[in-house]
Amino acid sequence: MAMALRSFRHLPSLLYRSSFAVVRGLPQGPAGCPALLLDGCRQRVRWVLLTRQLATKKAKGKGQSQARVNISAALVEDIINLEETNEDMQAVVEALKEDFSRNLSVRTSPGALDHIIVMTKDGKFPLNQLAQISQKSPQLIIVNMTNFPESTAAATKAIRESGMNLNPEVDGTIIRVPIPKVTREHRESLAKLAKQSTNKSKEALRKVRSKSINQVKKFKNKVSEDTIWLLEKQIQQMADSAAADMDKLLAAKTKELLG
């Protein structure tokens, strides 16, 4: 009986070393440990390993719900600033939202031309910094280049190549921009631009994720493998959430554009 009780003392260490069991085989019991008790220990170790393997496979399975990871930012602040990482990802989402609102509208308005980028000999400038933009009628926008007449040609080119289906007409330093009728073709063109913008934003998001994960991996020799794994998983969850928000924005914008 005493021998059996002493064998129980080794149970925690057996379970602790269970993560090495796959490679090194199941740990051996102490000398004199009864066969029945040792079999019980081994069964417990196998159960722990099987549970972990099943959880991993479930997490990898497509369409399977995954357990959420929520690490306290304060506990890992020496490794990575998770709040800053999340802010960077959300900034990409907000930039996409602003791009949709500013540049992808069925109805062309003076404000839609404000942020068209004009390439000049002195650099890149938003159109509204070079011109006075006003709407003369529901069918016509006027771009007055009097303050920067030398940039008239560049501004005209930028408007024409903006992807907004605009065909500007030049009269001295005045650029007349007729507002086109909203056609099905124009709507579909805008929807394609929305998809392209979303893909570019997702690429920017992946760069933020990769940068953060690389930062975490720098500490792989200083903290446990579990800590690294949990941090990587949380960063991936942040990225997945941001990507899902982008997909929702795209779906809403596509519905708006196509009617």
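Rules of the game
Note on numbering: residues in each chain are counted from 1, in written sequence order. Only residues with pLDDT of 70 or above have their local features reported here, since the model is predicted, and side-chain atom pairs are shown and tallied only from 80 upward, although totals for entire chains, interfaces and linings are computed over all residues. To obtain the side-chain values, all non-hydrogen atoms of the structure were included, while hydrogens and water were left out. UniProt positions are given in the numbering used here, feature names are shortened, and annotations may be inferred rather than shown by experiment. Only runs of H or I of at least four residues qualify as helices and only runs of E of at least two qualify as strands under DSSP, and these elements are numbered from the N terminus. To estimate the expected span of a helix, count its residues, drop one, and scale the result by 1.5 Å. A pair of strands is treated as paired once DSSP finds two or more bridges between them. For every element, the axis is a line fit to its C-alpha atoms; helices are fit only across the contacting stretch, and the angle between N-to-C directions ranges from 0 to 180 degrees. Residues count as neighbours in contact if any of their non-hydrogen atoms are within 4.5 Å of one another. The scheme is simple: roughly parallel for angles under 35 degrees, roughly antiparallel for over 145, roughly perpendicular for 65 to 115, oblique for anything else. Polarity classes work like this: nonpolar for Ala, Val, Leu, Ile, Met, Phe, Trp, Tyr, Cys and Pro, charged for Asp, Glu, Lys and Arg, and polar for all others, with Gly in that last group. The rule is simple: put a 1 Å grid over the protein atoms alone, call a set of points where a 1.4 Å probe fits but cannot get out a cavity, call an open set with protein on both sides within 12 Å along at least five of seven lines a pocket, and count a residue as lining if it has an atom within 4 Å of a point. Grid points are joined across faces, edges and corners, and a volume is the space filled by probe spheres set on the points. Boundaries between domains were set according to an automatic or database domain assignment. The salt bridge criterion pairs a side-chain nitrogen of Lys or Arg with a carboxyl oxygen of Asp or Glu, the two atoms within 4 Å. Each residue's exposure class comes from its accessible area (1.4 Å probe, protein chains only) as a fraction of the maximum for that residue type: buried when under 20%, exposed when over 50%, partly exposed otherwise.

The protein is annotated in an unreviewed UniProt entry as Ribosome-recycling factor, mitochondrial of Mesembrinibis cayennensis. What UniProt records for the protein under Subcellular location (unreviewed entry) is the sentence "Mitochondrion". You can read under Sequence similarities (unreviewed entry) in the UniProt record for the protein the words "Belongs to the RRF family."

1. Remarks on helix H10 (residues 225-258)
Taking 1.5 Å of rise per residue, the 34 residues of H10 would be expected to cover 50 Å, and the 49 Å separating its terminal C-alpha atoms lies within 8% of that figure. Immediately downstream of H10, the backbone of Gly259 shows phi near 75 degrees, a positive value.

2. Thoughts on the sheet that holds strand E3 (residues 132-137)
With respect to topology, four strands assemble into an open sheet ordered E3-E4-E6-E5, the strand pairing being antiparallel. Sheet topology places E3 and strand E5 (169-171) at the edges, where each strand pairs with a single neighbour. Taken pair by pair, the neighbouring strands of this sheet meet at an average axis angle of 25 degrees, ignoring direction. Relative to strand E6 (residues 174-178), helix H8 (residues 152-160) is tilted by about 10 degrees, and along the sheet it contacts strand E4 (140-144), E5 and E6.

3. Regarding the pairing of E3
Relative to E4, E3 runs antiparallel, the two being bridged by five bridges. In the sheet register, Ile133 faces E4, and the bridge partner there is Val143. Taken together, E3 and the strand that follows it, E4, pair antiparallel across an intervening segment of two residues.

4. A closer look at the environment of Val177
Structurally, the position occupied by Val177 is in strand E6. Separated by 35 residues in sequence, Val177 and Ile142 place their C-alpha atoms 6.2 Å apart. Setting aside anything within four residues of it in sequence, one finds Val177 in contact with Leu113, Gln139, Leu140, Ile141, Val143, Ile159, Leu166 and Pro168.

5. Notes on the packing of helix H9 (residues 184-217) against H10
At a minimum axis separation of 10 Å, H9 and H10 run at an interaxial angle of 170 degrees. Between H9 and H10, the interaxial angle falls into the category roughly antiparallel. When the residues that make up the contact of H9 with H10 are grouped by side-chain class, the tally is 16 nonpolar, four polar and eleven charged.

6. Some points on the layout of surface pockets
There is about 410 Å³ of room inside the second largest pocket. Per element, the largest residue contribution to the lining of the second largest pocket is four residues, and it comes from H9. Of the residues assigned to the lining of the second largest pocket, the class counts are eight nonpolar, six polar and three charged. Residue assignment places the lining of the second largest pocket across two domains, with domain 1 (73-104 + 183-258) and domain 2 (110-178) each supplying three or more.

7. Notes on the packing of helix H5 (residues 82-103) against H9
For the pair H5 and H9, the least separation of the axes is 10 Å and the interaxial angle reads 170 degrees. What the angle tells us is that H5 and H9 run roughly antiparallel. Seen from H5, the contacting residues are Thr85, Asp88, Met89, Val92, Leu96, Asp99 and Phe100; seen from H9, they are Ala194, Ser197, Thr198, Ser201, Ala204, Leu205, Val208, Arg209 and Ser212. Here the residues of the contact of H5 with H9 sort into eight nonpolar, five polar and three charged.

8. Observations regarding the pattern of salt bridges
Under the defined criterion, the tally for this structure stands at six salt bridges. Ionic pairing is found between Asp171 and Arg176, a salt bridge with its closest N-O pair at 3.2 Å. For Asp171, a relative accessible area of 45% gives the class partly exposed. Take Arg176: its relative accessible area is 31%, and that puts it in the partly exposed class. Salt-bridge contacts for Asp247 lead to Lys202; the nearest nitrogen and oxygen are separated by 2.6 Å. Taken together, the positions of Asp247 in helix H10 and Lys202 in helix H9 put the pair 45 residues apart, joining distant regions of the chain. Among the residues examined, Asp247 registers a relative accessible area of 36% and is labelled partly exposed.

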